[in-house]
Amino acid sequence: MAPSLTRRGLLAASALLPLGLRREAAGAATEARDRVGAFTVTPLRDGLFPLEPSMIPAADSAEGRSLLQAAGLPPGGPSPEPVNAFLIRRGARCWLLDAGCGTVLGPGFNRVTAALAAEGVRPDQVETIWLTHLHADHAGGLITPSGLARFPNAELVLQEAEAAHWSSAGARARAPAALVPFFDTAQAVLAAYDDRLRRVSGEAELAPGVHAVPLPGHTPGHMGVLVADGSERLLIWGDVVHARLLQLPHPDWTVIWDADPAQAVATRGRILDRAAAEGPRVAGMHMDIRGTVQRAGPGYRLVP
Ligand SMILES: [Zn+2]
């Protein structure tokens, strides 16, 4: 049976993390902030997700084992991958990009609110939340366990195609079993923010200096965000990569949660190519480091 990103699957998987990594997952929730011109971008660590090679089926191979082993990880996995949201500030303005899992995926997550508090930000001070996509590890933190909005004053902005997909009864009926629970969370989030939802299309300007970057495939309306000021640029590319060690050398390796695996591969290739050519710093929801992308053999690598 395919492993799934369900509460039970995660509970089983988190027991597989080495003790030191479990401690790290429970530790500090904020990391070094990035300055992009007048913007300050701070990763907010929601938790650590134990990614098993079977979640990237092509990585369940001699090549996958050798990449994990070369990085000092158990060759059979798991590879501990962060779940990040990002706080983006400029002057007095305060935005959030994604919100982590909240309580939707069990214990070990739900640290975004504490990480925000450590930055001196209360949920009612967040004016807008940009959402890369509606998967539970990005949107679950938008609601309380009883389904209320955690950010009482925030507008929620996402791609039109994303809202449409997760609202569609047909898409739900066609979804593989592992993805069906995602519809419940997505629909609860859309309902909680119904009166202050803003749907955008394509490369919309989200705020002065902040643009949406459509990256469809992982989900139909999956997007990244490009923060730019002067010559400085940071591309936060959402879920283009779930396992840096495996998917940068092998951009054609897909995760089991991709809505359209072929489109996800094409999108990953296109954005990696663009990042290697244009040279912005990149960050991701499931990446432990930020850096620039370089071509390396048939794949890519991230240079911190
Ligand atoms: Zn994700």
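Anything mentioned here points back to the structure above.
What you see is a predicted model, and the numbers here were worked out from it, not measured in a lab.

Digging into the overall build of the protein
Logical step 1: Summing up its helical and strand segments, the protein has 10 helices and 14 strands in all.
Logical step 2: Contacts in the protein between residues far apart in sequence, at least 24 positions, make up 69% of those at least 6 positions apart.
Logical step 3: Counting only carbon and sulfur atoms, one obtains 54% of the accessible surface of the protein, whose full area is about 12000 Å².

Topic: the pattern of salt bridges
Logical step 1: In this structure the tally under the stated criterion is 13 salt bridges.
Logical step 2: Between arginine 196 and aspartate 195 there is a salt bridge, with its nearest N and O atoms 3.5 Å apart.
Logical step 3: Across the pair arginine 274 and glutamate 278 runs a salt bridge whose closest N-O atoms are separated by 3.3 Å. Residue arginine 274 and its partner glutamate 278 are both found in helix α10 (residues 261-278); the two are separated by 4 residues, about one turn of the helix.
Logical step 4: For arginine 274, a relative accessible area of 32% puts it in the partly exposed group.

Some words on the sheet that holds strand β9 (residues 210-214)
Logical step 1: Spatial ordering of the open sheet is given by β8-β9-β10-β11-β12, a layout of 5 strands whose pairing is mixed. Every interior strand has two partners, whereas the edge strands, β8 (205-207) and β12 (281-283), have only one. Direction aside, the axes of adjacent strands within the sheet are offset by 25° on average.
Logical step 2: Note that β8 and β9 share 2 bridges and pair antiparallel. In the sheet register, glutamate 205 faces β9, and the bridge partner there is histidine 211.
Logical step 3: Running at roughly 140° to β9, α10 makes contact with β9, β10 (223-229), β11 (232-236) and β12 of the sheet.

Focus: the sheet that holds strand β7 (residues 197-200)
Logical step 1: Sheet architecture is open: 7 strands sit in the order β1-β2-β3-β4-β5-β6-β7, paired in mixed fashion. The open sheet is flanked by β1 (34-36) and β7, the only strands paired with a single partner. In this sheet, neighbouring strand axes are inclined to one another by 25° on average, regardless of whether the strands run parallel or antiparallel.
Logical step 2: As judged from the 3 bridges shared by β1 and strand β2 (residues 39-51), these two strands associate in the antiparallel manner. Across the sheet, aspartate 34 pairs through a bridge with valine 41, a residue of β2.

Structural notes on the pairing of strand β4 (residues 93-97)
Logical step 1: Counting buried residues along β4, 4 of its 5 residues qualify, which places the element largely inside the surrounding structure.
Logical step 2: Two elements, strand β3 (residues 79-90) and β4, share 5 bridges in a ladder whose sense is antiparallel. By the bridge assignment for β4, phenylalanine 86 is matched with leucine 97.
Logical step 3: Hairpin geometry of β3 and β4 is characterised by an intervening segment of 2 residues between the two adjacent antiparallel strands and by a positive phi of about 60° at glycine 91.
Logical step 4: Where β4 lies against strand β5 (residues 128-130), 3 bridges are found, and the strand directions are parallel.

Observations concerning the nonpolar core
Logical step 1: Formed by 51 residues in total, the largest nonpolar core has its most connected members in Val126, Leu134, Leu142, Phe151 and Tyr193.
Logical step 2: Put simply, the parts of the chain that give this core at least two residues each are β2, β3, β4, α4 (112-118), α5 (136-139), β6 (155-159), α6 (160-167) and α8 (180-192).
Logical step 3: If you tally residues by element for this core, the top one is α8, at 6 residues.
Logical step 4: Apart from residues lying up to four places away in sequence, phenylalanine 151 is in contact with Leu96, Ala99, Leu116, Pro123, Val126, Ile129, Gly141, Leu142, Tyr193 and Arg196.

Re the coordination of the zinc ion
Logical step 1: With distances of 2.1 to 2.2 Å, the protein atoms coordinating the zinc ion are Asp137 (OD), His138 (NE2), Asp239 (OD) and His286 (NE2).
Logical step 2: All donors of the zinc ion belong to a single chain; written as a sequence motif, their spacing is D-H-x100-D-x46-H. You can see aspartate 239 sitting in the loop between β11 and α9 (244-247) and its partner histidine 286 sitting in the loop between β12 and β13 (292-296), a full 47 residues away along the chain.
Logical step 3: In this structure histidine 286 comes out as buried when scored by relative accessible area, which is 5%.

A closer look at α6
Logical step 1: The complete set of buried residues in α6 reads Glu162, Ala163 and Trp166. Seen end-on, α6 carries its buried residues on one side only, within an arc spanning 95°.
Logical step 2: Of the surrounding secondary structure, the elements contacted by the buried residues of α6 are β6, α8 and β7.

A closer look at the side chain of histidine 242
Logical step 1: Following the sequence through the fold, histidine 242 ends up in the loop between β11 and α9.
Logical step 2: Side-chain polar atoms of histidine 242 contact the side chain of aspartate 239, separated by 3.2 Å.
Logical step 3: Setting aside chain neighbours within four positions, we find histidine 242 in contact with Leu51, Glu81, His218, Gln247, Val255, Trp257 and His286.

Let's talk about unusual backbone geometry
Logical step 1: Following glycine 77, the chain continues to proline 78 via a peptide bond in cis, the omega torsion being 0°.
Logical step 2: Along the chain, the position of proline 78 falls in the loop between α3 (62-70) and β3.
Logical step 3: Of note in this structure, aspartate 98 is not a glycine but carries a positive phi near 65°.
Logical step 4: Assessed through its relative accessible area of 0%, aspartate 98 is described here as buried.
Logical step 5: Non-glycine residue asparagine 110 carries a positive phi angle of around 70°.

How each quantity is defined
- Residues numbered from 1 in each chain as written.
- Predicted model: local features only at pLDDT ≥ 70, side-chain atom pairs only at ≥ 80, totals over all residues.
- Heavy atoms only, no water.
- Helix = DSSP H or I, 4+ residues; strand = E, 2+ residues; numbered from the N terminus.
- Contact = heavy atoms within 4.5 Å.
- Areas by Shrake-Rupley, 256 points an atom, 1.4 Å probe, with all protein chains shown as cover.
- Salt bridge = Lys/Arg side-chain N within 4 Å of Asp/Glu carboxyl O.
- Buried < 20%, exposed > 50% of the residue type's maximum accessible area, 1.4 Å probe, protein only.
- Pairing = 2+ DSSP bridges.
- Axes fitted to C-alpha atoms, helices over the stretch in contact; angles between N-to-C directions.
- Core = buried A, V, L, I, M, F, W, Y, C linked by side-chain atoms within 4.5 Å.
- Donors = N, O, S within 2.8 Å, 3.2 Å for Na, K, Ca; no water.
- Arc of directions from axis to C-beta.
- Polar contact = N/O pair within 3.5 Å; in protein donor to acceptor, adjacent residues only side chain to side chain.

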